[in-house]
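Report on the structure
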Amino acid sequence: MSDYLDSPDALATALTVISALGFVIYLFMLDQPVSIVRTVAKTAAVGALAGLALHVGSPVLLVLALALSALGDAFLAHEGDVAFLGGLGSFLAAHIAYAVLFVSIGPGFADAPLPGLLAVVLFGAGMGTLMVSKAGPLALPVAAYVLAIAVMGLGGVTLGGLVLLGAALFMASDAILGSEKFLMSETSSLRQLTSPAVWGLYYAGQVLITLGLLA
């Protein structure tokens, strides 16, 4: 991490700029119709982070988690249940990769702060109960998704620092997205705030996790 921040090479700088541009462009296109530009911008934001992690020799699971997240972004740049399920599956796999990575390189749950672990468990239980009860035929994949992100959050607690903060923002983003999908009415005025909140929290979470784990 320190080498990258102190003296990034040209490719690392280019990938960082591409990621930031993708984030900004998609932020201004949140309410626009589905288009190639919109999809590319959303996918590039985290896809470039995957390229950066690969370039600097970060753990393979970090590269995989970021790449799967970018794939999920590509799905969710479109509308409909098929796109939603594709995004859900991609992010489920990304959370599993993150969870395995965090647990494998962290000091273990025995040394993790108990309040942090309890907070994640309570968050997962509350989020899971609400979302699954409203998910209908999607209840099973939603339950699996909530379980995966909770385990990722627990792994983040074992590492602390930027990784924990990033995981917390990621979880907050997913909670808002789930609320938008299953709990809010189509006419709710809150929907004007949810999309930018989801995107901003999600991207910030991915950046913090990446910075916390860059080689």
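The present account deals with the structure reproduced in this document. This one's a predicted model, so the numbers in the text were calculated from it and none came from an experiment. (Residues numbered from 1 in each chain as written. Predicted model: local features only at pLDDT ≥ 70, side-chain atom pairs only at ≥ 80, totals over all residues. Heavy atoms only, no water.)

1. Observations concerning the overall build of the protein
For clarity, the cut-off: Going along the chain from the N terminus, every DSSP run of H or I of four or more residues is numbered as a helix, and every run of E of two or more is numbered as a strand. Taken over C-alpha atoms, the radius of gyration is set against a globule rule of 2.2 Å times the number of residues to the power 0.38. Contact between two residues is taken to exist if any of their heavy atoms lie within 4.5 Å; hydrogens are not considered. Per-residue and other accessible areas were derived by the Shrake-Rupley procedure at a 1.4 Å probe size, with only the shown protein chains allowed to occlude residues. The charged-residue count follows a simple rule in which Lys and Arg add positive charge and Asp and Glu add negative charge, with His and chain termini not counted at all. The location of each charge is read from NZ of Lys, CZ of Arg, CG of Asp or CD of Glu.
When you go through the protein residue by residue, the secondary structure sums to nine helices and zero strands. Listing every helix and strand of the protein by position from the N terminus yields α-α-α-α-α-α-α-α-α. At 17 Å, the protein has a C-alpha radius of gyration in line with the 17 Å of a compact globule built from 215 residues. For the protein, the C-alpha atoms occupy an extent of roughly 50 × 45 × 25 Å along the three principal directions. Considering only contacts within the protein whose residues lie at least 6 apart along the sequence, 74% involve residues at least 24 apart. In the structure as shown, the protein presents an accessible area of about 10000 Å², 74% of it carried by carbon and sulfur atoms. Treating the 5 positive side-chain charges of the protein as one cloud and the 11 negative ones as another, the clouds have centres 15 Å apart.

2. Focus: the packing of helix α6 (residues 114-134) against helix α8 (residues 161-182)
Short version of the rule: Axis lines are fitted through C-alpha atoms, for helices just across the contact stretch, and the angle between N-to-C directions can take any value from 0 to 180 degrees. Here the angle decides the label: under 35 degrees means roughly parallel, over 145 means roughly antiparallel, 65 to 115 means roughly perpendicular, and every other value means oblique. If you view the pair so one helix is near and one far, a crossing is left-handed when the near helix is turned anticlockwise from the far one by less than a right angle, and right-handed when it is turned clockwise.
Closest axis-to-axis distance for the α6/α8 pair is 10 Å, and the angle between their directions is 20°. Here α6 is positioned roughly parallel relative to α8, judged by the angle of their axes. Of the two possible hands of crossing, α6 and α8 adopt the one that is left-handed. Taken together, the residues of α8 that come into contact with α6 (itself represented by Val120, Phe123, Met127, Met131 and Lys134) are Met171, Asp174, Ala175, Gly178, Ser179 and Phe182.

3. Details of α8
Because an α-helix completes one turn every 3.6 residues, residues spaced three or four positions apart along the sequence face the same direction. What counts, and what does not: Helix span, expected: 1.5 Å multiplied by one less than the number of residues in the helix. Any residue under 20% of the maximum accessible area for its type is buried, any over 50% is exposed, and the rest in between are partly exposed; the area is computed with a 1.4 Å probe on protein chains only.
Look at α8: 32 Å from first C-alpha to last across 22 residues, which is about the 32 Å you get at 1.5 Å a residue. Within α8, burial applies to Val163, Gly166, Ala167, Phe170, Met171, Ser173, Asp174, Ala175, Gly178, Ser179, Glu180 and Phe182. Check the buried side of α8 and you find it contacts α5 (81-105), α6, α7 (139-159) and α9 (191-213).

4. Some thoughts on the layout of surface pockets
Short version of the rule: We place a 1 Å grid over just the protein atoms. Points where a 1.4 Å probe fits but has no way out form a cavity, open points with protein on both sides within 12 Å along at least 5 of 7 lines form a pocket, and any residue with an atom within 4 Å of a point lines it. Grid points are joined across faces, edges and corners, and a volume is the space filled by probe spheres set on the points. When residue character is reported, Ala, Val, Leu, Ile, Met, Phe, Trp, Tyr, Cys and Pro are called nonpolar, Asp, Glu, Lys and Arg charged, and the others, Gly included, polar.
The space that makes up the largest pocket amounts to roughly 960 Å³. Around the largest pocket, the lining is made up of 36 residues, and of these Lys42, Leu76, Phe84, Leu177 and Glu180 lie nearest the centre. Breaking the lining of the largest pocket down by element, the ones donating at least two residues are α3 (36-55), α4 (60-76), α5, α6, α7, α8 and α9. Per-element accounting of the lining of the largest pocket gives the leading share, eight residues, to α8. Here the lining of the largest pocket is composed, by residue class, of 19 nonpolar, six polar and 11 charged.

5. Quick look at the side chain of Arg38
Inclusion rule: In the sections that follow, a salt bridge refers to a side-chain nitrogen of Lys or Arg positioned within 4 Å of a carboxyl oxygen of Asp or Glu.
Inspection of the secondary structure puts Arg38 in helix α3. No salt bridge is formed by the buried Arg38, whose closest oppositely charged neighbour, Glu79, lies at an N-O distance of 5.0 Å. Among all residues touching Arg38, those that are not within four sequence positions of it are Tyr26, Met29, Leu30, Gln32, Pro33 and Ala77.

6. Looking at a nonpolar patch on the surface
Rule in force here: To count toward a patch, a residue needs a relative accessible area over 30% and no salt bridge; like charges are then connected within 9 Å, while nonpolar side chains (Val, Leu, Ile, Met, Phe, Trp, Tyr) are connected within 5 Å.
Where nonpolar side chains cluster on the molecular surface, the patch consists of Val17, Leu21, Ile25 and Val37 and spans about 340 Å² of accessible area. Looking at the nonpolar patch element by element, the count peaks at three residues for helix α2 (residues 10-27).

7. Quick notes on the packing of aromatic side chains
Just so we agree on the cut-off: Any two of the Phe, Tyr and Trp rings considered here, Trp counted by its six-membered ring, make a pair once their centres fall within 6.5 Å; the pair's planes then place it as stacked at under 30 degrees, edge-to-face at over 60, or tilted in between. Working rule: Lys NZ or Arg CZ, within 6 Å of ring centre, within 35 degrees of ring normal, means a charge sits over the ring.
The final tally for this structure, using the stated rule, is 11 aromatic pairs. Note on Trp199 and Tyr202: the rings are 5.8 Å apart at their centroids and 35° apart in plane angle, and the pair reads as tilted. Of this pair, Trp199 and Tyr202 are both found in helix α9, three residues apart, which corresponds to roughly one turn of the helix. There is no split in this pair, since Trp199 and Tyr202 are both buried. Taken together, the aromatic side chains of Phe23, Tyr26, Phe91, Tyr98, Phe102, Phe170, Trp199, Tyr202 and Tyr203 make up a single cluster linked through ring pairs. Directly above the ring of Phe84 sits Lys181, whose terminal nitrogen or CZ lies 4.4 Å from the centroid.

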